[in-house]
Amino acid sequence: LVTGVQTCALPILNFIATGNLQNLASLSISGSGALDDSIVVNSALSTLGGDIELNNAQLIDLNASLTAAGAMTIADAQTVQLSAGSTYTAQGGVLDINNNVTEIELVGLGVVTLVTSTDSDIELASIIDNGDLLKTDLLVSSGGSITTQSINLNDGGSDGDVAILIDTGSDDGIRNLQVN
């Protein structure tokens, strides 16, 4: 259980969550931006009413499902790894993984699912398969629009499938799929 903020004078941040962190008001974890910073989440995280923010680390490695009652922002990272069999959900806001993120790397055998439950958008950096020769599929379901730079699931072995659902929300607004 995390009850406060811990400050470390060392230049290395290695945050590793191995137990379930459920029903948090909100969650924000920031590294120093050093080349050896990493944020690793190995067990499910969820918030009751707030956002999830993970940022400012060389590697953000998510090996379990994350559910934000608000928005989810993952930013300022060289690589964000998302694991097959996990779902990343922003229930009350945007799902944003494209601010100063070089690439999103899909890892493992199965489906990586990205969801917004409201009329909110999904914003993604370039998505690649990590090259583990396992078939990793991608499902993106947005109540709003979806923006990504590119999607390449050709890992030289089993190529993954992509399913994209747009405008699953309740309003009648015009939604877009934009690939830059």
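Residues numbered from 1 in each chain as written. Predicted model: local features only at pLDDT ≥ 70, side-chain atom pairs only at ≥ 80, totals over all residues. Heavy atoms only, no water.

Chemist: I would appreciate a short explanation of a nonpolar patch on the surface in the present structure.
Modeler: Among the surface-exposed residues, Ile-151, Val-162, Ile-164, Leu-177 and Val-179 lie close enough to one another that they form a single nonpolar patch of about 370 Å² accessible area. Secondary-structure elements contributing two or more residues to the nonpolar patch are β20 (162–166) and β21 (177–179). Looking at the secondary structure, you find Val-179 in strand β21. (Patch = residues over 30% accessible without salt bridge, like charges linked within 9 Å, V, L, I, M, F, W, Y side chains within 5 Å. Areas by Shrake-Rupley, 256 points an atom, 1.4 Å probe, with all protein chains shown as cover. Salt bridge = Lys/Arg side-chain N within 4 Å of Asp/Glu carboxyl O. Helix = DSSP H or I, 4+ residues; strand = E, 2+ residues; numbered from the N terminus.)

Chemist: Mind showing me how you'd approach the confidence of the model for the protein here?
Modeler: Should pLDDT be low for a region, the predicted coordinates there are not to be read in detail. Model confidence for the protein is summarised by a mean pLDDT of 83, while 81% of its residues fall at 70 or above. In this model residues 1–12 is a low-confidence stretch, pLDDT under 50, and it forms 8 contacts with partners more than four residues away in sequence or in other chains. (pLDDT = per-residue confidence, 0-100. Contact = heavy atoms within 4.5 Å.)

Chemist: Just to check I follow, could you spell out the nonpolar core for this structure?
Modeler: In this structure, Leu-54, Ile-60, Leu-62, Leu-66, Met-72, Leu-82 and Ile-104 are the most contacted members of the largest nonpolar core, which totals 36 residues. Residue contacts for Ile-60: discarding those within four places in its chain leaves Ile-39, Leu-54, Asn-55, Ile-74, Ala-75, Ala-77, Thr-79, Val-80 and Gln-81. (Core = buried A, V, L, I, M, F, W, Y, C linked by side-chain atoms within 4.5 Å. Buried < 20%, exposed > 50% of the residue type's maximum accessible area, 1.4 Å probe, protein only.)

Chemist: Looking at this structure, I do not really get unusual backbone geometry. What am I missing?
Modeler: Across residues other than glycine, the phi torsion is negative in most instances, and most of the peptide bonds are trans. A positive phi angle is found at Asn-56, which is not glycine, with a value near 65°. When you line up the elements, Asn-56 lands in the loop between β6 (52–55) and β7 (59–62). A positive phi angle, near 55°, is found at Asp-76, a position not held by glycine. Structurally, the position occupied by Asp-76 is in the loop between β9 (72–75) and β10 (77–83).

Chemist: Mind showing me how you'd approach the pattern of salt bridges here?
Modeler: Pairing is possible between side chains of opposite charge, provided their charged atoms come close. According to the stated counting rule, one finds 2 salt bridges in the structure shown. Here Lys-135 makes a salt bridge to Asp-137, at a shortest N to O gap of 2.8 Å. Among the residues examined, Asp-137 registers a relative accessible area of 16% and is labelled buried. Across the pair Lys-135 and Asp-161 runs a salt bridge, and its minimum N-O distance is 2.9 Å. One end of the pair, Lys-135, is in the loop between β16 (127–129) and β17 (136–142); the other, Asp-161, is in the loop between β19 (151–152) and β20, and 26 residues separate them in sequence. On the basis of relative accessibility, which here comes to 46%, the residue Asp-161 falls in the partly exposed class. Here the residues in one salt-bridge network are Lys-135, Asp-137 and Asp-161, joined through shared partners.

Chemist: Even after reading the chapter, I still don't get the environment of Leu-134, so can you show me in this structure?
Modeler: Among the secondary structure elements, Leu-134 is positioned in the loop between β16 and β17. Spatially, the C-alpha atom of Leu-134 lies 9.5 Å from that of Gly-156, the residues being 22 residues apart in sequence.

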